[in-house]
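Spelled out, the chains give:
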Amino acid sequence: MKRQLLGGTLSFAVLLSACGGGGGGGSSSAPSPGPVSSPAPTPSPTPSASCSLRARQDWAGAQLREWYLFPETLPASFDPSPYNSVEAYVDALTASARALRRDRFFTYVTSIAQDEAFFSSGSSAGFGIRLSTDQAARRVFVMEAFEGTPAIQARIDRGTEILAIGADANSLRNVSDIIAAEGSAGVTSALGPPTAGITRILRVADLDGSTRTIPIGKADYSIPPVSSRYGARIIDDGGRRVGYVNLRTFISSADPALRSAFADFRANGITEIIVDFRYNGGGLVSIAELMGDLLGGNRATSDVFGHTAFRPEKAANNRTRTFQPTPQSVAPTRIAFIGTGGSASASELVINAFIPYLRANAALIGTNTYGKPVGQIAIDRSACDDRLRVVAFATQNAARQGDYYDGLAAKMEASCQAGDDLTRQMGDPQEGSTRQALDFLAGRPCTRIATGVTGQAVRGRRELLVPERPTSTAEREVPGLF
């Protein structure tokens, strides 16, 4: 075991991982994020160990019975023979917790190699975009495009609408027809798997109203966690200088980019910050802790950032992490956190950590968040390239608040409803959520975010296009990724 994750998922050494709809990572060789009492690793089998389906299922079941945060929801006995994969068996074991909305596919089996590649550099394959659907209107939009990807090369960016999809020019189907016949899952299917070399023909509408029909191929790429175009900047809002940082995902390569952004804020005396987590499904706990430290320039080293709590019989692994300010840390007087139903896990961990300290001087801007106050540990069976991410701990802030399965809107003393304006780039002072964040920091009144429904249920008319059962680490941690 190594990293703990929060997000769609969390792992033991990577406390926070992404979860767009399921919203971690870690391996036996990865370093632990700070001083943490770690469970004794399960010995990896030798190359001669059996990797038969039944052996892998039995191994996965044994790990859940030992580490699962909700052991009372596991079946007393469960025959794996009806299930034709380890994944299906794990889903069956966690079905009761899923029905209670405590584990929405956060426990899963993945590839060690794939997991390591994503959490180190954001490695993925595809067009390099996030998509959302407006099911009522049967439309699909690009929410974000990543630098250095086929999408950017094809001039596809935030606000582009995908009108039709085909494997070739002769098989183009209107997106409206696909959604009418098959729902949003039909769009996912039409776009194809996340495999480099796959090509699609897309008819798109640009923000200026013009339409184009273009070929575009999928390629291997790495997601920059902080955009070089808009990820970090200082906004002049009528003479008030505000720091803005947009973190796409909590992966290791975010470390230097975040330190650089906050060093600039500190050098310019910035004390009001906008932290944009609007599509951030989570990731590594170590990066969430770094974000807390960078925002914690006025926190003492005895101040608690967060608590990690395992089930009672595993309490020896509980951990309390305090703030550890860095040379780049700022001392914010007010923070505006931009969030949506796509903001989960590590994103929520950071926001929750500041509630006891800033109270009404910290606000959630946008819509309610996803609601994932739990994390996973990662357990490896290296001979089979199996990494099992098990929901094994809950996360709490300094006040021991952590029961936000219905999102953070009800936990925040201050919140402001705001739209997600696709006609402007994130960080633009006139973009809906960025504008509302600036207004909050300036002390202007706003309408609170509704708390009667969960963040994953209400995200406005547009929802990130996320498969119910993601098939890759990147899809889990970067909701809407294609």
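Residues numbered from 1 in each chain as written. Predicted model: local features only at pLDDT ≥ 70, side-chain atom pairs only at ≥ 80, totals over all residues. Heavy atoms only, no water.

With that settled, consider the overall build of the protein. Check the secondary structure of the protein and you find twelve helices and 22 strands. Of the roughly 16700 Å² of accessible surface on the protein, a fraction of 50% belongs to carbon and sulfur atoms. (Helix = DSSP H or I, 4+ residues; strand = E, 2+ residues; numbered from the N terminus. Areas by Shrake-Rupley, 256 points an atom, 1.4 Å probe, with all protein chains shown as cover.)

A separate point is the environment of Ile112. Counting through the fold element by element, Ile112 comes out in helix α4 (residues 112-121). For Ile112 and Ile379, which are 267 residues apart along the polypeptide, the C-alpha to C-alpha distance reads 9.6 Å.

Before going further, it helps to spend a moment on the pattern of salt bridges. One pass over the full model with this rule turns up 34 salt bridges. With a shortest N-O distance of 2.6 Å, Arg259 and Asp255 are connected by a salt bridge. Taken together, the residues span about one helical turn, with Arg259 and Asp255 both in helix α8 (residues 254-267) at a distance of four residues. Overall, Arg259 belongs to the partly exposed group, its relative accessible area being 28%. Judged by its relative accessible area of 24%, Asp255 falls in the partly exposed class. Residue Arg444 is joined to Asp439 by a salt bridge in which the shortest nitrogen-to-oxygen separation is 2.8 Å. Classification of Arg444 by relative accessible area gives partly exposed; the value is 41%. When its relative accessible area of 17% is taken as the criterion, Asp439 is described as buried. (Salt bridge = Lys/Arg side-chain N within 4 Å of Asp/Glu carboxyl O. Buried < 20%, exposed > 50% of the residue type's maximum accessible area, 1.4 Å probe, protein only.)

By volume, the second largest cavity amounts to about 40 Å³. A class-by-class count of the residues in the lining of the second largest cavity yields four nonpolar, two polar and five charged. (1 Å grid on protein atoms, 1.4 Å probe; cavity = no way out; pocket = protein on both sides within 12 Å on 5 of 7 lines; lining within 4 Å. Points joined across faces, edges and corners; volume = space filled by probe spheres on them. Nonpolar A, V, L, I, M, F, W, Y, C, P; charged D, E, K, R; others polar.)

Inspection of every chain in the model, using the stated rule, returns 15 aromatic pairs. Relative to Phe70, the ring of Tyr68 has its centre 5.7 Å away and its plane inclined at 85 degrees; by these criteria the two rings are edge-to-face. Considered together, Tyr68 and Phe70 belong to a single accessibility category, that of buried residues. Seen in terms of ring centroids, Phe78 and Tyr89 are 6.3 Å apart; in terms of plane orientation they differ by 65 degrees. Their pairing is edge-to-face. Of the two residues, Phe78 sits in the loop between α1 (53-67) and α2 (86-93) while Tyr89 sits in helix α2, which places them eleven residues apart along the sequence. For Tyr89, a relative accessible area of 3% gives the class buried. Over the face of the ring belonging to Tyr405 we find Arg102, whose NZ or CZ atom lies 3.9 Å from the ring centre. Stacked on the ring of Phe440, the Lys or Arg Arg334 has its end atom at 4.2 Å from the ring centre. (Phe/Tyr/Trp six-rings, centres within 6.5 Å; stacked < 30°, edge-to-face > 60°. Lys NZ or Arg CZ within 6 Å of the ring centre and 35° of its normal.)

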